[in-house]
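Here are the chains, one letter per residue:
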Amino acid sequence: MPMVKTIIYSCVFFFCVCCQSVSADQLFLKNGDVLNATVVEESDTFLVVVHESLGRLKISKGEVTSRKEAVSVPDEKTGPQTETYYFAKNEPEFDRLNAFAKKMKEDGWKMSANFSVQADDGEDDEMRYRAGFKASRETLFRRFNTDWTYYYKEKNGSNTDNKLSAGLRYDWLKPDSPWFHFLGGRYDYDKFESWEHRLSVHTGPGYRLIDNDLMQWEVSVGGGFRKEWQSENNDVLAEGIGSTGFSWKLSERQSVAFSWAYYPVFDDWQDYRTRTTADWNYLLSREMNLSFTVGLLHEYQAIIDPGEDHNDTRLYSGVQVDF
């Protein structure tokens, strides 16, 4: 009986190898290789294939990004002869995302999107939503950054927070010097502030104090203007800026970032505002580029309409996907 089993297995193997050229599947692997082999067994986690040269192999599905499967279909005109058709199975969504992220990183881009939802059930029912997006690209001579954040809150069915903030910044870098020049602007919409719309633009020099793979720290100063709408203080104001930004990769999974900016009005030093951000990220999954994030946004404005609050503070936590 052992001899009979050996002969049967050998025949099956020989048959699969002989049919390889006719009905071989194409397996596209993560490392870029393409394996032409016949799939003889499949489960939720692995594939068993027969290769013309390598023989019988067991491959994890996690190593396969996509697959073209050979299908034999009878030809109605010529009878039982067969013709091979190929169709590609869809790649997993996270593999597509990773491929997109790899291409963007090769072009110098870094992007992330985050989202959080918080609900408080007690005497007051509250629902808080936050969505954010960041993108940056750095080359030898240029650097571009943008961030978009939206906040929304309901309390007992009524809207109590509705804020959008969008920032753009363009830096001209000097490859052999820590000095750079920047041009930046920010648009804010807030339904519940003393103003409803605010636009500010600033330009000036900056200096990179630390710039390596683990830590970046820079400072900048300059001047520009600020304009508010739907406010008692709606004149165009000449405004300065002094800011600093810091980021630190604590480990393979953890990173922190901090920024602070001070905006004084040139002809009235009592009229000023500040903007502070702080974020902590913890990588949950490298394959999915998924992180848990905790952050803070605090803004202070010295001159506001009567009855409004000088401080605007938001704490949030949620998930973030890096592209």
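Residues numbered from 1 in each chain as written. Predicted model: local features only at pLDDT ≥ 70, side-chain atom pairs only at ≥ 80, totals over all residues. Heavy atoms only, no water.

A word on empty space enclosed by the protein. Going through the model one piece at a time under the given rule, you end up with 1 cavity of 30 Å³ or more. In this structure, the largest cavity occupies an estimated 100 Å³ of space. Residue lining of the largest cavity: 13 residues in total, with E193, R198, E299, Y300 and Q301 positioned closest to the centre. Of all the elements in the fold, those that place two or more residues in the lining of the largest cavity are strand 16 (268–285), strand 17 (290–301) and strand 18 (311–322). Looking at the lining of the largest cavity, the element that brings in the most residues is strand 17, giving 3 residues. (1 Å grid on protein atoms, 1.4 Å probe; cavity = no way out; pocket = protein on both sides within 12 Å on 5 of 7 lines; lining within 4 Å. Points joined across faces, edges and corners; volume = space filled by probe spheres on them. Helix = DSSP H or I, 4+ residues; strand = E, 2+ residues; numbered from the N terminus.)

On average, residues of the protein chain carry a pLDDT of 83, and 83% of them reach 70 or more. In this model, residues 3–22 is a region of pLDDT below 50 whose contacts with residues beyond four sequence positions or in other chains number 15 contacts. Of the regions scoring below 50 in pLDDT, residues 72–91 engages in 35 contacts with residues more than four places distant in sequence or in other chains. (pLDDT = per-residue confidence, 0-100. Contact = heavy atoms within 4.5 Å.)

Once that is clear, we can look at the nonpolar core. Grouped together as the largest cluster of nonpolar side chains are 8 residues: L27, L35, A37, V39, L47, V49, I59 and V64. Considering each element in turn, this core owes the most residues, 3 residues, to strand 2 (residues 34–42). In this structure, L173, F180, F182 and A261 belong to the second largest nonpolar core, which totals 6 residues. (Core = buried A, V, L, I, M, F, W, Y, C linked by side-chain atoms within 4.5 Å. Buried < 20%, exposed > 50% of the residue type's maximum accessible area, 1.4 Å probe, protein only.)

Counted according to the given criterion, the structure contains 21 salt bridges. Between D188 and R198 there is a salt bridge, with the nearest N and O atoms lying 3.3 Å from each other. Here the residue D188 occupies a position in strand 11 (residues 179–190), and R198 occupies one in strand 12 (residues 197–211), the gap between them amounting to 10 residues. Residues D188 and R198 agree in their burial class; the two are buried. Put simply, R314 and D190 hold a salt bridge, and the shortest N to O gap is 3.9 Å. On the criterion of sequence distance, the pair formed by R314 in strand 18 and D190 in strand 11 is long-range, its members being 124 residues apart. The exposure class of R314 is buried, given its relative accessible area of 9%. (Salt bridge = Lys/Arg side-chain N within 4 Å of Asp/Glu carboxyl O.)

Before going further, it helps to examine a positive patch on the surface. A contiguous patch of positive charge, built from K105, K110, K249, R253 and R286, is present on the exposed surface. Note that K110 resides in strand 7 (residues 109–120). Residue K110 is classed as exposed on the basis of its relative accessible area, which comes to 61%. (Patch = residues over 30% accessible without salt bridge, like charges linked within 9 Å, V, L, I, M, F, W, Y side chains within 5 Å. Areas by Shrake-Rupley, 256 points an atom, 1.4 Å probe, with all protein chains shown as cover. Lys, Arg positive; Asp, Glu negative; His and termini not counted. Charge placed at Lys NZ, Arg CZ, Asp CG, Glu CD.)

The subject of this paragraph is the layout of surface pockets. Of the voids in this model, the second largest pocket is the one considered here, and its volume is about 440 Å³. Around the second largest pocket sit 23 residues that line it, and K153, D161, D312, T313 and R314 are the ones nearest its centre. Elements with a minimum of two residues in the lining of the second largest pocket: strand 7, strand 8 (126–138), strand 9 (142–155), strand 10 (158–173) and strand 18. Among the elements that make up the lining of the second largest pocket, the one with the highest residue count is strand 18 (6 residues). Along the lines of polarity and charge, the residues of the lining of the second largest pocket split into 6 nonpolar, 5 polar and 12 charged. (Nonpolar A, V, L, I, M, F, W, Y, C, P; charged D, E, K, R; others polar.)

All right, on to the side chain of S165 then. Looking at where S165 falls in the secondary structure, it is placed in strand 10. Among the polar contacts made by the side chain of S165, one reaches the side chain of R186 at a distance of 2.8 Å. At a separation of 2.7 Å, a polar atom in the side chain of S165 contacts the side chain of D188. Residues contacting S165, with those up to four places away along its chain left out, are D147, W148, T149, R186, Y187, D188 and R275. (Polar contact = N/O pair within 3.5 Å; in protein donor to acceptor, adjacent residues only side chain to side chain.)

Scanning the model with the defined rule gives 10 aromatic pairs in all. Measuring from centroid to centroid gives 6.4 Å for W217 and F246, while their planes differ by 85 degrees, and the two rings are edge-to-face. Highlighted residues: W217 in strand 13 (residues 215–229) and F246 in strand 14 (residues 237–249), separated in sequence by 29 residues. Owing to a relative accessible area of 35%, W217 belongs among the partly exposed residues under this scheme. One aromatic cluster is present, formed by W260, Y262, Y272 and Y300 through successive ring pairs. A cation over a ring is seen here: R130 above Y316, with NZ or CZ 3.7 Å from the ring centre. Positioned over the ring face of F180 is R143, at 5.2 Å from the centre of the ring. (Phe/Tyr/Trp six-rings, centres within 6.5 Å; stacked < 30°, edge-to-face > 60°. Lys NZ or Arg CZ within 6 Å of the ring centre and 35° of its normal.)

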